[in-house]
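# Residue-level structure breakdown
Residue-level listing of the chains:
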Amino acid sequence: MTTAPWRDSALPAAARVDDLLARMTLEEKTAQLYGVWVGAATDGEGVAPHQHDMTDEAAERDWAELITLGLGQLTRSFGTAPVDPAVGARALAGAQRQIAGASRFGIPAVAHEECLAGFTAWRATAYPVPLAWGASFDPPLVEEMARRIGRDMRSVGVHQGLAPVLDVVRDPRWGRVEETIGEDPYLVGTVGTAYVRGLESAGIVATLKHFAGYASSAGARNLAPVRAGAREFADVTLPPFEMALREGGARSVMAAYTERDGVPASADPELLTGLLREEWGFTGTVVADYFGIGFLQTLHRVAGTPAEAARLALEAGVDVELPTVKYYGDALVAAVREGLVPEDLVDRAARRVLVQKCELGLLDEDWRPEGAAEQGTAGETAGSDRPRIRLDSGANRALARRLAEESVVLLDNPDGLLPLAPGTRIAVVGPRAADPLAMLGCYSFPSHVLTHHPGVETGIGIPTLLESLRAELPDAKVTFAEGCPVSEPDRSGFDEAVARAAEADVCVAVLGDRAGLFGRGTSGEGCDVTDLRLPGVQGELLDALAATGVPVVLVLLTGRPYALGRWHGRLGAVVQAFFPGEEGGPAVAGALSGRVNPSGRLPVSVPRVPGGQPWTYLQPPLGLAGEVSNLDPTPLYAFGHGRSYTTFAWEDVTGGPDAEISTDGSYDLSVTVRNTGDRAGAEVVQLYLHDPVASVTRPDVRLVGYQRLELAPGQAGRVTFRFHTDLSAFTDREGRRVVEPGALELRLSSSSADHRHTASLRLTGPVREVGTDRRLRCETEVSAG
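Just so you know, these numbers come straight off a predicted model, no measurement behind them.

## Description of the packing of aromatic side chains
All told, the structure shown has 15 aromatic pairs when counted by the stated rule. Centre to centre, the rings of Trp37 and Tyr290 are 5.4 Å apart; their planes meet at 65°, and the pair counts as edge-to-face. Here the residue Trp37 occupies a position in strand β1 (residues 35-40), and Tyr290 occupies one in the loop between β10 (285-288) and α12 (292-298), the gap between them amounting to 253 residues. Pair check on accessibility: Trp37 and Tyr290 agree, each one buried. Each ring, one from Tyr186 and one from Tyr706, has its centre 6.0 Å from the other, and the planes form 85°; the classification is edge-to-face. Placement of Tyr186 in helix α8 (residues 185-201) and of Tyr706 in strand β21 (residues 702-711) is noted, with a sequence separation of 520 residues between them. Accessibility expressed as a relative area gives 10% for Tyr186, which makes it buried. These aromatic residues form a ring-pair network of at least three members: Phe137, Tyr186, Tyr617, Phe639, Tyr688 and Tyr706. The positively charged end of Arg123 is found above the aromatic ring belonging to Trp122, 4.0 Å away from the centroid. The ring of Trp650 carries the charged tip of Arg756 above its face, separated from the ring centre by 4.8 Å.

Below you can see the structure in the form of structure tokens.
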């Protein structure tokens, strides 16, 4: 029996897919372009179509009939309901066998899941949210985390992860700030690229989202129109995606819900084909955000029928409809038959999908469902015939703890109140102190899914800060009062909270957010806010605690920054943690006790006042404080800010002033950082660029490099930044990305507002246009000081 060319793994993927497409009917090709939302059966026998917010053809049509044509994607078989991982793996494998066995070609589906802050599955590790990754300024650690997430997903048969989010924060009132890495494109790009590398190294297809401009929605409203100008879009929004594709090797991109200048992203061929594929050279798949193709008809109203919506999306370059089939199913087939949609568009998308399936091994003759449960490699057994899959291993938890510890930001400690003394009388007050969910963002499984399954256990251990602080300081006398709810205007607990604080040596006020979806939380998707006041009456509670005269340590567990100017100078210390994950309680308690020396740096600015937003540090001159307005937007704590329990000296800067280089030249700038304190700590050396005069207005400063240094007492490390002029490029009036001659300043800094040393450069020569081969990052070299 001769093997068909498309089954021959010795042939190139493109040749195999060309052979396969020539054999497929129109219906079989379109079947590769959609997904079905499924849920794993608790008995492990298989998956079943899942009826969701919009009409789902798969729920209306018989599953057995549907899969006779094949199937492109299986949507969230683990992320829909709490299912034991081993049971879920068996169910997914069973479904894949059904899909492969029912169709002519025996091609399984790509199984995708969310993995924003860990694999969104029951009993899987809940890592810190992306905003905490940004606070760590530690891309290698984020890459290691992503690799572990990817391995766990692969172990149960998943192929694609819907992460990372590469949106750059433009307005911190937006609910999805917790899902982002920060407000600076260089930080977002470098940390996000590290995540992509880790996920892809484990064999998982990383999906960049949301492409592009989603975080620039007007008024910080979810899905509002994007009013970013061409230069902001090119110089702030797009660079993280370009870096993650070029340097990270991401194999999928998710089209954003939003529209820019009247054109929805899912119907924008200039974005999804012209820029993404023709200019950047992307060859992977573009997937729709959930129901995004339908939104072309129902929300954007640029399509009058499902067929028109399908045509617009296919023409633009959306290859896969997620999460369900409605627009790329029967409606698309009928439109092709009627001549309304060219079949070439179907072929183009199907080719991309099948090439990716080929690269994943799903077209190979020896394919079999993946997963430890099927392969018998899970290790521990939960019974005589049931392998047990551990998605929250000790190694996972250790890594989650390390990342949480590195992400804790000490904002202020003016009188050295922290670390807390071992025998201190501590009043722990606040609605976030004794709630495990205070540690988790909205895309963690407990917050995202388990809220719909009351009574089901969390599945993972999540120590609260109250529990962790008692364990961290066993000799301390710790009392507790909730004080108030997170968001409800209930002040009935104020008196007890004040009484507990008055009896103590120090009060630890644990305030912040409750993650949720679409208004069911104070942070998360669809949980946008009008201003940056602390939610509910938490600010009033903090006022009452500060009025006792007992020193107050404010601990914030949030998904966004909140305005803190009202309490500046009234608190003993301020600690910020951005939803630090399942090990966040011990991590924050360790920072309070001194076991952990805080080393996090702010990935977003902390405002002084709650109004006057939006504001990020990437401001041109008119965006800064000045005499033309009575409003001062200067933040209370700047991007990149963070304190330590030790001290550092910055010495021996080399790279003298007034250097002259060409517009295609490079320049090395070095500094030695010495730990001058009595305990180990980490310093984050940041390099900012200031362009005094340019042909268009530029941010006053912007990050172009950074390096995290971990130093023992007395130890020194020397950092050399290898700056190339490509990093000074920006989009000019003609839409070209150029490097202009003239003066530049490189500033070695501890934050965007604290500049320690400045090197002045003069670029000589002609204006130089740069393309996609330009350098995207500032390489660093670290040596002993």
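There's plenty left to go through after this.
## Examining the sheet that holds strand β13 (residues 477-481)
Taken together, the six strands give an open sheet; going across it, the order is β11-β16-β15-β14-β12-β13, and neighbouring strands pair in mixed fashion. Each edge of the open sheet is held by one strand with a lone partner, namely β11 (409-412) and β13. Each strand of the sheet is rotated relative to its neighbour by a mean of 20°, with strand direction disregarded. One ladder, built from six bridges, connects strand β14 (residues 506-512) with strand β15 (residues 552-558); its direction is parallel. Residue pairing across strands places Leu511 opposite Leu556, the latter belonging to β15. Relative to the sheet, helix α21 (residues 538-546) contacts β12 (425-429), β14 and β15, its axis offset from that of β14 by approximately 170°.

## A look at the environment of Phe211
Inspection of the secondary structure puts Phe211 in strand β6 (residues 205-211). On the accessibility criterion, Phe211 (1% relative accessible area) is buried. Separated by 65 residues in the primary sequence, Phe211 and Leu276 place their C-alpha atoms 9.7 Å from one another.

## A word on unusual backbone geometry
Outside of glycine, negative phi angles account for most residues, and trans bonds account for most peptide bonds. Cis geometry marks the peptide bond from Ala163 to Pro164; its omega dihedral reads 10°. Mapped onto the secondary structure, Pro164 falls in the loop between β5 (160-162) and α8. In the segment running from Leu418 into Pro419, the intervening peptide bond is cis, with an omega of 0°. Topologically, Pro419 is positioned in the loop between β11 and β12. Unusually for a residue other than glycine, Leu223 sits at a positive phi of about 70°. With respect to the element layout, Leu223 can be found in the loop between β6 and α9 (230-237). Positioned with a positive phi, Asp652 is a non-glycine residue whose angle comes to about 50°. Structurally, Asp652 can be placed in strand β17 (residues 648-654).

## Considering the environment of Asp347
Note that Asp347 resides in helix α15 (residues 343-359). In sequence terms Asp347 and Val253 are 94 residues apart; their C-alpha atoms lie 19 Å from each other. For Asp347, the residues in contact, after removing those within four places along its chain, are Leu21 and Lys29.

## Describing the packing of helix α13 (residues 306-316) against helix α14 (residues 330-337)
Across the interface, α13 lies against α14 with an axial gap of 9 Å and an inter-helix angle of 85°. Judged by the angle between their axes, α13 and α14 are roughly perpendicular. Residues Pro306, Ala307, Ala310 and Leu314 of α13 touch α14, and the partners they reach there are Ala331, Leu332 and Ala335. Its residues assigned to classes, the contact of α13 with α14 comprises seven nonpolar, no polar and no charged.

## Quick notes on the side chain of Asp364
Tracing the backbone shows Asp364 in the loop between α15 and α16 (372-375). Taking the relative accessible area as the measure of exposure, Asp364 reaches 19% and is therefore buried. Discounting residues that sit within four places of it in the chain, Asp364 has contacts with Arg7, Ser9 and Arg16.

## So, α15
Helix length check: α15, at 17 residues, gives a terminal C-alpha distance of 24 Å against a target of 24 Å (1.5 Å per residue), a fit within 8%. Counting buried residues along α15, twelve of its 17 residues qualify, which places the element largely inside the surrounding structure. Turning to α15, its buried residues are Leu345, Val346, Asp347, Ala349, Ala350, Arg352, Val353, Leu354, Val355, Gln356, Lys357 and Cys358. Of the residues flanking the end of α15, it is Gly361, one or two places downstream, whose phi is positive at about 85°.

## Focus: the nonpolar core
Judged by nonpolar contacts, the single largest core of 207 residues is most densely connected at Phe119, Tyr195, Phe211, Tyr328 and Leu564. No other element matches α15, which puts eight residues into this core. Setting aside anything within four residues of it in sequence, one finds Phe211 in contact with Leu238, Phe241, Val253, Met254, Ala255, Ala256, Ala265, Leu271, Leu272, Leu275, Leu276 and Trp280. In terms of nonpolar packing, the next biggest core, distinct from the first, is built from 33 residues, Val408, Ile462, Leu469 and Ala577 among them.

## Considerations on the packing of helix α1 (residues 13-23) against α15
Two numbers describe how α1 lies on α15: the axes approach to 9 Å, and their chain directions differ by 130°. In this view, α1 runs oblique relative to α15, as classed from their interaxial angle. Relative to α15, α1 is oriented so that their crossing is right-handed. Between α1 and α15, the contacting residues are Ala13, Arg16, Val17, Asp18, Leu20 and Leu21 on the first element and Asp347, Ala350, Arg351, Leu354, Val355 and Cys358 on the second. Here the residues of the contact of α1 with α15 sort into eight nonpolar, no polar and four charged.

## Remarks on the confidence of the model for the protein
The share of residues in the protein with pLDDT of 70 or more is 94%, and the mean pLDDT across the chain is 93. When the criterion is pLDDT under 50, residues 50-60 qualifies, and its contacts beyond four places in sequence or with other chains add up to 25 contacts.

## Section: the sheet that holds strand β23 (residues 730-731)
Strand order in this open sheet of three strands is β23-β24-β27, and the pairing throughout is antiparallel. This sheet does not close on itself; its edge strands, each paired only once, are β23 and β27 (768-769).

Thresholds applied
- Residues numbered from 1 in each chain as written.
- Predicted model: local features only at pLDDT ≥ 70, side-chain atom pairs only at ≥ 80, totals over all residues.
- Heavy atoms only, no water.
- Phe/Tyr/Trp six-rings, centres within 6.5 Å; stacked < 30°, edge-to-face > 60°.
- Helix = DSSP H or I, 4+ residues; strand = E, 2+ residues; numbered from the N terminus.
- Buried < 20%, exposed > 50% of the residue type's maximum accessible area, 1.4 Å probe, protein only.
- Lys NZ or Arg CZ within 6 Å of the ring centre and 35° of its normal.
- Pairing = 2+ DSSP bridges.
- Axes fitted to C-alpha atoms, helices over the stretch in contact; angles between N-to-C directions.
- Contact = heavy atoms within 4.5 Å.
- Parallel < 35°, antiparallel > 145°, perpendicular 65-115°, else oblique.
- Nonpolar A, V, L, I, M, F, W, Y, C, P; charged D, E, K, R; others polar.
- Expected span 1.5 Å × (residues − 1).
- Core = buried A, V, L, I, M, F, W, Y, C linked by side-chain atoms within 4.5 Å.
- Left-handed = near helix turned anticlockwise from the far one by under 90°.
- pLDDT = per-residue confidence, 0-100.

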